[in-house]
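Take a look at the letters that make up each chain.
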Amino acid sequence: MAFAGRRDVPEPPDFGILKRLARDQLIYLLEQLPGKKDLFIEADLMSPLDRIANVSILKQHEVDKLYKVESRPAISASDQFCFLVRPRIKTMRYIADIVNADKMSGRSRKYKIIFSPQKFYACEMVLEEEGVFGDVTCDEWSFYLLPLDEDIISMELPEFFRDYFLEGDHRWINSVARALQLLNSLYGPFGKAYGIGRCAKMSYEVWRDLEEESEADGQGRKPEIGNIFLMDRDTDYVTALCSQVVYEGLVDDTFRIKCGSVDFGPDVTSSDKSIKVLLNAQDKVFSQIRNEHFSSVFGFLSQKSRNLQAQYDRRRGMDIKQMKNFVSQELKGLKQEHRLLSLHIGACESIMKKKTKQDFQEMIKAEHSLLEGFDIRESTSFIEEHIDRQVSPIESLRLMCLLSITENGLIPKDYRSLKTQYLQSYGPEHLLTFHNLKRIGLLTEQSAGETLTAVESKVSKLVTDRAAGKITDAFNSLARKSNFRAISKKLGLIPRVDGEYDLKMPRDMAYVFSGAYVPLSCKIIEQVLERRGWLGLEEVVRLLNGNEFSVSDSAVEDNPTWESQRVILAVFLGGCTFSEIAALRFLGKERGCKFIFLTTAITNSARMMEAMIEAKA
């Protein structure tokens, strides 16, 4: 395909063991409640659970009926209830209501709560307050890591982004540290660790503490992953806010890839029913187009269909023996490929229709202008028109955030004007959304930073160091400036291209944004790995608000001949986009190394905006 690898790229480790470990632990927990039982599953655990243990496995271990955890308690004749839930206070109240209702009616049952990935003290407190703590048994299902593909592992914690970056809630940091500990014990020890961001630094420190406590002996073991790079999502909001144009990113933006699979509706399948398709490296068609720029996907698919037709046509001149071989060995594979090919052609046509309707080309042009810092007034007018036409509340919000971050905040006049137009177009209930976006640093006024830093310094004189640290953190996101222009200049994020950028044979990672912009997150990873540390990047680090680290584990033998030295675990805290994954896959092929992605969840601009929205329809 388009990528010509410079060196042989190492094979990724086998992550199937993570699924087996999770499945075995879940079965063990279910068997601790012997006999028939009803299982209540939290909605956002259903898809991950389906990838680990399907219904038939659950039935084998005496799960009788399955229910979704929702507002009304189910009526059931079972004597045992098992709840598989995330550690959320709302869910604890739901369980407490079921237990208390049974008590009122004199019904006696056994109740078991399985928390995934871990239980929090607050949950136990709620159960105690509701008077049911003594009636339930609690357990943890340490299901931290779900392999979505041969090189992507997700923690499936979409709430991480809002919880940490907006609410300042640190509860998931321990889960990240435990996930790293598990990966290190199976595929490490990691020789070198790099990172940037407060959350990255904290996660790394908690992980190291866990390693010291466990005293696991990784010495002498040959690692499969040699390097690890941790990065906070707030180091680079710009990349996540841009429209995606690689095929996998567009499929995610258009149809929403959930837990590695996508529902293609009747408009794609050309029938009256929807089909759920697993998108991974096993899909022979998808694996060849997933990282490609959308403009070259149609050409590839039409060539593929011609090749497929030629393979079908071979049977015409065959004798009986050859035909028998063809039917037994090739036909099934060809039919499967043909089915996938027609689905991806249908998906491309559906994407084209939707994007043409949305003036996609105009939008991309406006985004590129914002990234380059040209025609800002024209782009602002485009955003105003977008709001006034009520195209989409999410898209309008995204464009406003992109304008704010690339311009280091909006001038007060523009901020007030855009905010007023938005509230008039989409409703005053979005007022809280603007508050959230300001707090997190996505949509700010230019004057806000200076005043807050003054407040911050006064407050810190009045309180203890620890409390001052917390207050400083709270003000940090409010006062932080994006400094995007300066960083872009320093790292050369906007490629200078003479003539047309060749998207079929890309020369750098900028191809994931049509050659207009190299993703900042990926550029940082490239630079740090190249320099084997942050030396020479001091100015960039300062502009990114610091919190960088680079640590070599002296206990791990640094053997440059080991394949593991060319395997890098890229950890995205707060979400990772398919565009970043495609860019780093490209970099890996160029440099002869393999990137493995660990993310709290797969994200895109719409998911990020939805996490900030307070108005509930």
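Structure first, text after, so check above.
Residues numbered from 1 in each chain as written. Predicted model: local features only at pLDDT ≥ 70, side-chain atom pairs only at ≥ 80, totals over all residues. Heavy atoms only, no water.

Peer 1: So what exactly am I meant to see when it comes to the side chain of Thr-600 here?
Peer 2: Among the structural elements, Thr-600 can be located in the loop between β14 (594-599) and α26 (605-612). Owing to a relative accessible area of 1%, Thr-600 belongs among the buried residues under this scheme. Every residue in contact with Thr-600, bar those within four places of it in the chain, is listed here: Ser-154, Met-155, Glu-156, Leu-157, Pro-158, Phe-160, Phe-572, Leu-573, Gly-574 and Gly-575. (Helix = DSSP H or I, 4+ residues; strand = E, 2+ residues; numbered from the N terminus. Buried < 20%, exposed > 50% of the residue type's maximum accessible area, 1.4 Å probe, protein only. Contact = heavy atoms within 4.5 Å.)

Peer 1: Would you explain the packing of aromatic side chains in this entry?
Peer 2: The geometry of two aromatic rings is summed up by the distance between their centres and the angle between their planes. Tallied over the entire structure, the rule returns 25 aromatic pairs. Judged by centre distance (6.2 Å) and plane angle (90°), the rings of Phe-161 and Tyr-237 are edge-to-face. Note that Phe-161 is positioned in helix α6 (residues 160-166) and Tyr-237 in helix α9 (residues 237-241), a separation of 76 residues in sequence. Both residues of the pair, Phe-161 and Tyr-237, count as buried. Ring geometry for Tyr-422 against Tyr-426: centres 4.7 Å apart, planes inclined by 55°, an arrangement best described as tilted. (Phe/Tyr/Trp six-rings, centres within 6.5 Å; stacked < 30°, edge-to-face > 60°.)

Peer 1: Would you take a moment to explain the packing of helix α16 (residues 376-388) against helix α18 (residues 412-426) for this structure?
Peer 2: Relative placement of two packed helices is described by the angle separating their axes and the distance separating the axes. Viewed as axis vectors pointing N to C, α16 and α18 meet at an angle of 20°, and their least axial separation amounts to 9 Å. Compared by their axis directions, α16 and α18 come out roughly parallel. As α16 runs across α18, the sense of the crossing is left-handed. Contacts from Arg-377, Ile-383, Glu-384, His-386, Ile-387 and Asp-388 of α16 reach α18 at Asp-414, Ser-417, Leu-418, Gln-421, Tyr-422, Ser-425 and Tyr-426. For the contact of α16 with α18, the class distribution of residues is 5 nonpolar, 4 polar and 4 charged. (Axes fitted to C-alpha atoms, helices over the stretch in contact; angles between N-to-C directions. Parallel < 35°, antiparallel > 145°, perpendicular 65-115°, else oblique. Left-handed = near helix turned anticlockwise from the far one by under 90°. Nonpolar A, V, L, I, M, F, W, Y, C, P; charged D, E, K, R; others polar.)

Peer 1: Could you clarify how one ought to interpret the packing of helix α17 (residues 393-406) against α26 in this entry?
Peer 2: Look at α17 against α26: their axes get within 10 Å of each other, and the N-to-C directions meet at 95°. Our classification of the angle between α17 and α26 gives roughly perpendicular. Contacts from Ile-394, Leu-397, Arg-398 and Cys-401 of α17 reach α26 at Ser-605, Ala-606, Met-609 and Glu-610. Residues of the contact of α17 with α26, tallied by class, amount to 5 nonpolar, 1 polar and 2 charged.

Peer 1: Help me understand empty space enclosed by the protein, please; the structure alone is not making it clear to me.
Peer 2: If you roll a probe as big as a water molecule over the atoms, it shows you where there is empty space left. Applying the stated criterion to the full structure yields 5 cavities of 30 Å³ or more. A volume near 50 Å³ is recorded for the second largest cavity. Taken together, Leu-148, Asp-149, Ile-152, Glu-248, Ile-257, Gly-260, Leu-279, Arg-290 and Phe-578 make up the full set of residues lining the second largest cavity. Split into classes, the residues belonging to the lining of the second largest cavity amount to 5 nonpolar, 1 polar and 3 charged. Both domain 2 (148-236 + 520-612) and domain 3 (247-354) contribute no fewer than three residues apiece to the lining of the second largest cavity. (1 Å grid on protein atoms, 1.4 Å probe; cavity = no way out; pocket = protein on both sides within 12 Å on 5 of 7 lines; lining within 4 Å. Points joined across faces, edges and corners; volume = space filled by probe spheres on them. Domains from an automatic or database assignment.)

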